[in-house]
Every structure is written in C-alpha cells, then in structure tokens.
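Below, each chain spelled out in residue letters.
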Amino acid sequence: MSLFDLAGRRVVVTGAGANGGIGHALAIGFARAGARLALCDIDEEGLARTVEETGAEVFARCDISVEADVEAFFASVREKLGGLDALVNVPFVFSRRCPPHELPLADWERMFAVNVTGYFLCIRAALPLMLAQGKGCVINIGSNAGETALGRGAFAYSATKSAVHQMTRELAVEYGARGVRVNALAPAQVLTPGLAAHMDNPHFRDNVLPRILMGLPMGRLLTPEDMVGPALFLASDAAACVNGVILPVDGGNLAMNAGGGAPR
Ligand SMILES: NC(=O)c1ccc[n+]([C@@H]2O[C@H](COP(=O)([O-])OP(=O)(O)OC[C@H]3O[C@@H](n4cnc5c(N)ncnc54)[C@H](O)[C@@H]3O)[C@@H](O)[C@H]2O)c1
C-alpha cells in the first residue's frame, strides 16, 4: 500500500479555514494521512481552528488574489518545509447570483481575480519548489459547472471554473515531462455551510433543491468528506501517470443526460 502513502509529504491547502467547507475537510484528510501541512485563508479565525485541528506547521492569512501575499506565503513554505509535494487550490468567490445582463463588472472581475488569477499565482509560486525536486502535483478544485451550464445566474462563476479546468490541462502538458502533475476535482453540489444557508429559503428548498437532486444519480448531495479520497489519490504515487485529468466527484452528475435518472 506504499503507493498510497502520503506520510511526510509536504502539502499546501489554500482556503482551509471554513469549518464544514471542502478546504477544511481536505486539510484534515491530508493531516490524517500523515502529510505535513501549510495552510492559508483570508479568514484568520477559521484558519486558526483548522491549524489547531491539523497541526499544520506553516500558516498565514493570505489573499490568493494578492501577489505579495502569495509570494510571502510560499517563501515561508520554502523556508519551513524545504520544498513542496502537493498544492491544493480551493478558494472561490461567487460574489453575486444575477441575470448575466445585470452583472456588475466589479463582480465579474472579483470572481476572476480569486477563482482564476488566485490559482495562477499560487501555482506560479509553487512550481519552482516542485521543479527543483523534479516531482510534485497540483490539485485544483474545479466544478461540474466548469463542464456544463448551471443557469440560475451562475454564468461568471461557471466561466471561472472552465478557466480552471483548461488551466489544469495546459499546465499538465507544460510540466508533465518535468515530474509535475496537474489535475482537478470537479464536484457537483456539496453540502457546505454555503449551501446549507439556502435551506431556510422556501424557494430554494421547494424548487431548486429538488432539481439539483434530480441531477444527482446517487440521490444525495455530496459532502466535503467525499472529496478527500479522490484528493489523496491524486496526490499519491498511485496516481503517478494521472495528469491533466478533470476528475468528476459528482455522484454521476456529468454522466447522466437530461432524460436520465435512477429507478425510484
Ligand atoms: N460547495 C459546492 O457545492 C461546490 C460545488 C462544486 C465546486 N465547488 C468548489 O469547491 C471549492 C470549495 O468550495 P466550498 O464551498 O467548500 O468553500 P469553502 O467553504 O471551503 O470555503 C472556501 C474558503 O476559501 C476562503 N477564501 C475565499 N476567498 C479567498 C481568498 N481570496 N484568498 C484565500 N482564501 C479565500 C474562504 O475564507 C473559505 O475559507 C471552491 O473552489 C468551489 O468553487 C464547490
């Protein structure tokens, strides 16, 4: 089982501060697998809790859309961990859900600044550490919304996730021969605090949620913990030749066509 062994691997998880979020679950999952962690978030209180739970050795308030923050964070990763084996990019902004023709430019720009530029900045800072050791991997958190359309005012968010998927493929091709693999997880709807907050809204509960569930052949929302196994796999030597893959972790959402559905 050494193929799956992550003990001692140095792993950065960005956006690890939201209790109940995917970043938090991934940080705990990597810690339980024995990885040495470096974590960052803009939410300092949340980050402090995750650091306590995981024993992360490096942590910082870092806005991934700010170049100086990212450079400083990865400099401390280099100094304290001496290298980097995996970068997991998690944060996102979904600043406003509204019809595309009403979306303010500032919202469009903020979503791209965090969801796309932020991932680029972190990858750019991580790559020299990985290239120096001839080995490493990046796991971007994408979305089923990067492959198919959600509607419901999600078009800018979806465009950022498509950009993440295509960035993943391009980087995989650029760096595969130098030992750095780049993959993405594409979750469907995950029951995070963000989604749970909508459950009190009768329109969401009665109209939107049933449609979401119809698109999930396993008949339930995903959980943040559902992301852990696939992420550990992608970071491990078991995935040594998995490169440039957008791995759906969606209970079958992308596999199903509009007329599909499990027998009930
Ligand atoms: N929740 C879902 O249903 C779902 C579905 C598909 C894909 N995803 C993707 O999964 C990822 C995680 O989503 P989640 O809902 O679990 O979020 P989450 O609850 O893990 O929160 C993301 C974290 O990112 C932090 N963050 C936000 N902006 C930041 C910035 N500029 N710099 C640093 N940190 C920042 C937040 O403080 C938060 O702690 C996102 O990339 C999202 O697009 C989520």
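Details of the structure are given in the entry above.
Residues numbered from 1 in each chain as written. Predicted model: local features only at pLDDT ≥ 70, side-chain atom pairs only at ≥ 80, totals over all residues. Heavy atoms only, no water.

**Q** Pulling in residues and values, what's your account of the site of the ligand?
**A** Taken together, 27 residues lie around the ligand, and Ile22, Asp41, Val90, Tyr157 and Val190 are the ones closest in. Measuring from a nitrogen atom of the ligand, one finds a backbone N or O atom of cysteine 62 at 3.5 Å. At 2.7 Å, a backbone N or O of valine 190 approaches an oxygen atom of the ligand. Isolated, the ligand exposes 820 Å² of accessible area, and the fraction of that covered by the protein chains is 90%. Because more than half of its atoms lie within 2 Å of the grid, the ligand is assigned to the largest pocket. Secondary-structure elements contributing two or more residues to the shell around the ligand are helix H1 (22-32), helix H4 (105-133) and helix H5 (155-175). Tallied by class, the residues present in the shell around the ligand amount to 15 nonpolar, eight polar and four charged. (Near = heavy atom within 4 Å. Polar contact = N/O pair within 3.5 Å; in protein donor to acceptor, adjacent residues only side chain to side chain. Areas by Shrake-Rupley, 256 points an atom, 1.4 Å probe, with all protein chains shown as cover. 1 Å grid on protein atoms, 1.4 Å probe; cavity = no way out; pocket = protein on both sides within 12 Å on 5 of 7 lines; lining within 4 Å. Sits in = over half its atoms within 2 Å of the grid points. Helix = DSSP H or I, 4+ residues; strand = E, 2+ residues; numbered from the N terminus. Nonpolar A, V, L, I, M, F, W, Y, C, P; charged D, E, K, R; others polar.)

**Q** Tell me about the packing of aromatic side chains, and please be specific about residues and values.
**A** Enumeration over the complete set of coordinates arrives at five aromatic pairs. Considering the side-chain rings of phenylalanine 92 and tyrosine 157, the 5.9 Å spacing of their centres and the 65° angle between planes classify their relative orientation as edge-to-face. Separated by 65 residues along the polypeptide, phenylalanine 92 in the loop between strand E4 (86-89) and H4 and tyrosine 157 in helix H5 bring together distant segments of the chain. Taken together, a centroid distance of 4.9 Å and an interplanar angle of 10° make the contact between phenylalanine 94 and tyrosine 157 stacked. Linking phenylalanine 94 in the loop between E4 and H4 with tyrosine 157 in helix H5, this pair joins segments that are 63 residues apart in sequence. Residue classification places phenylalanine 94 among the partly exposed positions, given a relative accessible area of 24%. Of the residues examined, tyrosine 157 reaches a relative accessible area of 11% and is grouped as buried. (Phe/Tyr/Trp six-rings, centres within 6.5 Å; stacked < 30°, edge-to-face > 60°. Buried < 20%, exposed > 50% of the residue type's maximum accessible area, 1.4 Å probe, protein only.)

**Q** Could you give an account of the layout of surface pockets, with specific residues and numbers?
**A** By rolling a water-sized probe across the atoms, one finds the places where empty space is left. Taken as a whole, the largest pocket encloses approximately 1,300 Å³ of empty space. Phe92, Phe94, Tyr157, Thr192 and Gly194 are, among the 43 residues lining the largest pocket, the residues nearest its centre. Only H1, H4, H5, helix H6 (193-196) and helix H7 (202-214) provide two or more residues apiece to the lining of the largest pocket. With four residues, H7 is the single largest residue contributor to the lining of the largest pocket. Residue composition of the lining of the largest pocket, by class: 22 nonpolar, 13 polar and eight charged. Counted as a void, the second largest pocket has a volume near 500 Å³. Lining the second largest pocket are 22 residues, with Arg211, Ile212, Met214, Gly215 and Asn253 sitting closest to its centre. (Points joined across faces, edges and corners; volume = space filled by probe spheres on them.)

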